[in-house]
Amino acid sequence: MSSKLNLSIQWHITTNCGHRCDHCYMFDPQTWPAERDHTLPLRDLFRILDSFCEFEQKWPVEIGHFAITGGDPLLRKDWQEFVAELRRRGKSVSLMGNPETLTEANLAALVELGVAHYQLSLDGLEPA
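Keep in mind the model is a prediction, meaning the values are calculated, not measured.

1. Here's the deal with helix α2 (residues 42-58)
Here α2 contains 17 residues, and its C-alpha end-to-end distance of 25 Å stays within 8% of the 24 Å for a straight helix at 1.5 Å per residue. Among the residues of α2, those classed as buried are Leu42, Asp44, Leu45, Leu49, Cys53 and Glu56.

2. Structural notes on the sheet that holds strand β4 (residues 117-120)
Pairing is parallel across the open sheet formed by four strands, whose spatial order is β1-β2-β3-β4. Sheet topology places β1 (5-12) and β4 at the edges, where each strand pairs with a single neighbour. When the angles between neighbouring strand axes are averaged without regard to direction, this sheet yields 20 degrees. Pairing of strand β2 (residues 61-69) with strand β3 (residues 92-97) involves four bridges; the strand directions are parallel. Across the sheet, residue histidine 65 finds its bridge partner in β3, namely serine 92. α2 contacts β1 and β2 of the sheet and is inclined by roughly 155 degrees relative to β2. Sheet strands touched by helix α3 (residues 79-88): β1, β2 and β3. Its angle to β3, the strand with the most contacts, is close to 150 degrees.

Rules behind the numbers
- Residues numbered from 1 in each chain as written.
- Predicted model: local features only at pLDDT ≥ 70, side-chain atom pairs only at ≥ 80, totals over all residues.
- Heavy atoms only, no water.
- Helix = DSSP H or I, 4+ residues; strand = E, 2+ residues; numbered from the N terminus.
- Expected span 1.5 Å × (residues − 1).
- Buried < 20%, exposed > 50% of the residue type's maximum accessible area, 1.4 Å probe, protein only.
- Pairing = 2+ DSSP bridges.
- Axes fitted to C-alpha atoms, helices over the stretch in contact; angles between N-to-C directions.
- Contact = heavy atoms within 4.5 Å.

Now the structure itself:
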């Protein structure tokens, strides 16, 4: 039995999305414009990841899994670099996004990077 608490992180890395679903938390008018206009660069995501690793060293916890979401994380141009760094650090990774970004190239990259799961959002096929 491990003496560490196993944590997982759900990390919203982009507001980019091809949809505007009525129920989506992302399009809150008070926060969405600021998030959209101030997406963190990759170097800042790595800096935050360093902080998580420091947290693991200080406390009896292990952050074993990262669920990456957004918007649609596959719309972020550097998503592969980010996932590769998570995997390099021994983290399990899943992504949550939309089905239309699962191109042949993205599917191949997900497999190559060892992504554990991809959760699809299927929120309706008919226009509202």
